[in-house]
Amino acid sequence: INDFSYLHTNCFELSIYVGCDKYPHESELPEEWENNRESLIVFMEQVHRGIKGIVKDIHGKGIPNAIISVEGVNHDIRTGK
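Predicted, not measured: the structure shown is a model, and the values here were computed from it.

J.: How should I be thinking about the overall build of the protein in this particular structure?
T.: When helices and strands are tallied, the protein shows 2 helices and 2 strands. For the protein, the α and β elements follow one another from N to C terminus as α-α-β-β. Taken over the C-alpha trace, the protein has a radius of gyration of 18 Å; the compact-globule value for 81 residues is 12 Å, which it surpasses by more than 25%. For the protein, the residues scored as buried account for 6% of the 81 residues in total. Summarising the internal contacts of the protein: among those between residues at least 6 apart in sequence, 21% fall at separations of at least 24. Total accessible area on the protein is roughly 7,700 Å²; 57% of this is exposed by carbon and sulfur atoms. Once the 8 positive and 13 negative side-chain charges of the protein are each reduced to a mean point, those two points are 16 Å apart.

The following block contains the structure:
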């Protein structure tokens, strides 16, 4: 579903596996968290990178469904409502 969401909506989803076992036992989760905590936190901080903003008309009102294109990126997105 991640590819579908990225290609057909404005939602960018990720699945991250931090070990070889897709469904580790509950008792293993604290150790998995400690082994990956710092890198996951640094990864989550990356949400603040990039370009973000609000598309407005000359009156300051948001423009729904405006198409946003970035040169060199073959994936346009649309603003929300």
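J.: Would you explain a nonpolar patch on the surface in this entry?
T.: Side chains of Y6, L7, F12, L14, I16, V18, F43 and M44 sit close together on the surface and give an oily, nonpolar patch of about 800 Å² of accessible area. Mapped onto the fold, F12 is located in the loop between α1 (2–8) and α2 (29–45).

J.: What am I meant to see in the layout of surface pockets here?
T.: Rolled over the atoms, a probe sized like a water molecule indicates the empty space that remains. Looking at the largest pocket, its volume works out to about 840 Å³. Of the residues in the lining of the largest pocket, the class split is 13 nonpolar, 6 polar and 1 charged. Within this model, the second largest pocket holds a volume of roughly 150 Å³. Lining of the second largest pocket is provided by I16, Y17, V18, G19, C20, D21, K22, P24, E28, L29 and E32.

J.: Quick question: what am I supposed to make of the side chain of T79 here?
T.: Inspection of the secondary structure assignment puts T79 in the segment after β2 (77–78). Only 3.0 Å separates the side chain of T79 from the backbone nitrogen of N65, close enough to count as a polar contact. A polar contact is formed between the side chain of T79 and the backbone nitrogen of A66, at a distance of 2.9 Å.

Cut-offs used in this document
Residues numbered from 1 in each chain as written. Predicted model: local features only at pLDDT ≥ 70, side-chain atom pairs only at ≥ 80, totals over all residues. Heavy atoms only, no water. Helix = DSSP H or I, 4+ residues; strand = E, 2+ residues; numbered from the N terminus. Rg over C-alpha atoms; globule rule 2.2 N^0.38 Å. Buried < 20%, exposed > 50% of the residue type's maximum accessible area, 1.4 Å probe, protein only. Contact = heavy atoms within 4.5 Å. Areas by Shrake-Rupley, 256 points an atom, 1.4 Å probe, with all protein chains shown as cover. Lys, Arg positive; Asp, Glu negative; His and termini not counted. Charge placed at Lys NZ, Arg CZ, Asp CG, Glu CD. Patch = residues over 30% accessible without salt bridge, like charges linked within 9 Å, V, L, I, M, F, W, Y side chains within 5 Å. Salt bridge = Lys/Arg side-chain N within 4 Å of Asp/Glu carboxyl O. 1 Å grid on protein atoms, 1.4 Å probe; cavity = no way out; pocket = protein on both sides within 12 Å on 5 of 7 lines; lining within 4 Å. Points joined across faces, edges and corners; volume = space filled by probe spheres on them. Nonpolar A, V, L, I, M, F, W, Y, C, P; charged D, E, K, R; others polar. Polar contact = N/O pair within 3.5 Å; in protein donor to acceptor, adjacent residues only side chain to side chain.

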